[in-house]
Amino acid sequence: MAAGMIKKTFLAPLGKDNPVFVQILGICSTLAVTNKLENTMVMTLGVMFTTALSSWTLSVMRKWIPSRIRMMVETMIIATYVIIVDIALKAFYPEMWKQLGPYVGLIITNCIVMGRIEAFALQNKPMLSLVDGLASGMGYAYVLLVIAFFRELLGTGTLWGYQILGSWWTNWSIMIMPPGGFFMLAIFIWIVREAVFKEGTK
Amino acid sequence: MNDILFPLAVFFAAVFTNNILLTNYLGMCSFLSVSKELETSAGLGIAVTFVMATTTAINWVVYHFLLVPFQLEYLRFIVFIIIIAAFVQLIEMVIERYSEGLYFALGIFLPLITVNCAILGASLFMVIREYSFMTSFFFGFGSGLGWLIAIMAMAGIRQRLRTAKIPAGLDGAGIALIIAGFMAMAFMGFNGMITIS
C-alpha cells in the first residue's frame, strides 16, 4: 500500500473533509461536555478509540457481513468498543466517569462512527480504515477542544481547572451554560467557512 | 415529593427546564437536518415522542428485571440500542400493515429514529437518575414532547428565514445553531419553575 495513500487518508478529515465543518455530524454526544477542557479531552479520546477500532474491525469483517443485517452488526461492534471505554473509565478514572454520566454511552449513536464505517471502512482495507477512523476522530476532537478551550476560559477563567485569568476577569456564565455551546460552535463554523473555504467569495 | 406528583414534575421538567435538545444537546443531527419544513418536523417529532415514551418504559423493565438480577448492567448500551432498533422495526411493520396513511406520514422517519441520540439518551438518563417505572415513562414522554416543541419552533423560524439575507458562511447549519442558542436562552427562562436533579 502506498504511503501517499495513507497520508492522504490521514490528512483529509483534518482539513477539507472535516466531519464537523463540512457535514455537521456527530456533535450530539460531545457538545454537552465542552464546558470543561478536561472532560472534552477524555470524551474525544473515547470517540477516537471507538471510530478507529470499529472501522478497523468492520473492515476486516466486511466480506462476511450480509448487507441486510449490516446496520445491526455495525451497532453491535460499536457498542462493544464503547462498553470497553465505559468500563475502563469507571475503573481508572471514576470521578470523570461520574461527571460524563450518560454521554460515554451515547458515543454509540454518534453519527461519525457509523458514518465513517458506511462511507469508508466497508470499501477499504483494514489498515487504511484504521487510519481513516483515527483521523476522523482527530478532526472531530480538535474542533471540540477549541470550543471547550474558549468556553472554559471565558466562562470560568480557568483552563484544565487551573486559574488563568486574574481577579479582573468577570466570568461570562452564559458560556458554560447550554446556549454558549451553540453560539461557540456556530461562530467557529462561520469563521472556518468564511476564511478557509471562502464560501463568501464564490 | 409524593409518588403521584413526582412523575408529573419530571414530565414538566423534561419538557421545559431540562429540555433534552436544548440543555443536553441530544438529537442534534436530525434536528439540524430535518428542521427545514414544518410538516416533516411535526411528523418526526411525533414519531420521536411515541418511540421515546415506549422504549424508555420497556428499557426500564428489561434493565430492572433482567440486567440487574444477573449483574449484567454493563451490557445496557447494547441491550438498549437493540431494543430501540427492534421496537422501531416492529412499529414500522405494524403501521405498514394496518394503516397506510400513517405509514406514509411517519414511515419515512422511523429508520432515522434508531440513530437519534435523544432516544438512547433518555434511557441512559433514566438509569443514572434511578427513576421508578412511572417516572421513567413520564420522563421519556416529556423529553419527546420537549424535542417536538423545539424542532417545530425551529422549523417555523427557519421557514421565515428563507427570505432573509444570511452571510454565506453562516447559511445552513451555522444559522440553525445560533437560533438553537437563542431558543436555549429562552428556555432558560423556565428555570426555577421546577427543579429535578
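Each value, and the rule that gives it
Residues numbered from 1 in each chain as written. Chains lettered and ligands numbered in written order. Predicted model: local features only at pLDDT ≥ 70, side-chain atom pairs only at ≥ 80, totals over all residues. Heavy atoms only, no water. Core = buried A, V, L, I, M, F, W, Y, C linked by side-chain atoms within 4.5 Å. Buried < 20%, exposed > 50% of the residue type's maximum accessible area, 1.4 Å probe, protein only. Helix = DSSP H or I, 4+ residues; strand = E, 2+ residues; numbered from the N terminus. Contact = heavy atoms within 4.5 Å. 1 Å grid on protein atoms, 1.4 Å probe; cavity = no way out; pocket = protein on both sides within 12 Å on 5 of 7 lines; lining within 4 Å. Points joined across faces, edges and corners; volume = space filled by probe spheres on them. Nonpolar A, V, L, I, M, F, W, Y, C, P; charged D, E, K, R; others polar.

**Focus: the nonpolar core**
Formed by 110 residues in total, the largest nonpolar core has its most connected members in Met-28, Phe-31, Ile-113 and Trp-147 of chain B. In terms of residues, this core owes the most to one element, helix H4 (residues 76–98) of chain B, which gives eleven residues. Leave out the neighbours within four places in its chain, and Ile-113 of chain B touches Leu-44, Ala-47, Val-48, Val-51, Val-88 and Ile-119 of chain B. Of all hydrophobic cores here, the second largest spans five residues; its members include Leu-37, Leu-153, Leu-159 and Leu-165 of chain A.

**Considerations on unusual backbone geometry**
Glycine aside, a negative phi is what most residues show, and trans is what most peptide bonds show. Residues other than glycine seldom take positive phi values, yet Trp-160 of chain A does so here, at roughly 55 degrees. Tracing the chain through its elements places Trp-160 of chain A in the loop between strand S1 (158–159) and strand S2 (162–163).

**Some remarks on the layout of surface pockets**
By volume, the largest pocket amounts to about 990 Å³. If you go around the largest pocket, you meet 42 residues; those closest to its centre are Met-71 and Met-114 of chain A together with Pro-111, Thr-114 and Val-115 of chain B. Where the lining of the largest pocket is concerned, the elements lending two or more residues are helix H5 (70–92) and helix H7 (111–121) of chain A together with helix H2 (28–34), H4, helix H6 (110–114) and helix H9 (173–188) of chain B. With seven residues, the single largest contributor to the lining of the largest pocket is H4 of chain B. Class assignment for the residues of the lining of the largest pocket results in 23 nonpolar, 13 polar and six charged.

**So, the environment of Gln-123 of chain A**
Residues and elements named next belong to chain A. With respect to the helices and strands, the residue Gln-123 is situated in the loop between H7 and helix H8 (126–156). On a C-alpha basis, the gap between Gln-123 and Val-42 in space is 30 Å, while along the polypeptide they are 81 residues apart. Not counting chain neighbours up to four residues away, the residues in contact with Gln-123 comprise Arg-62 and Glu-118.

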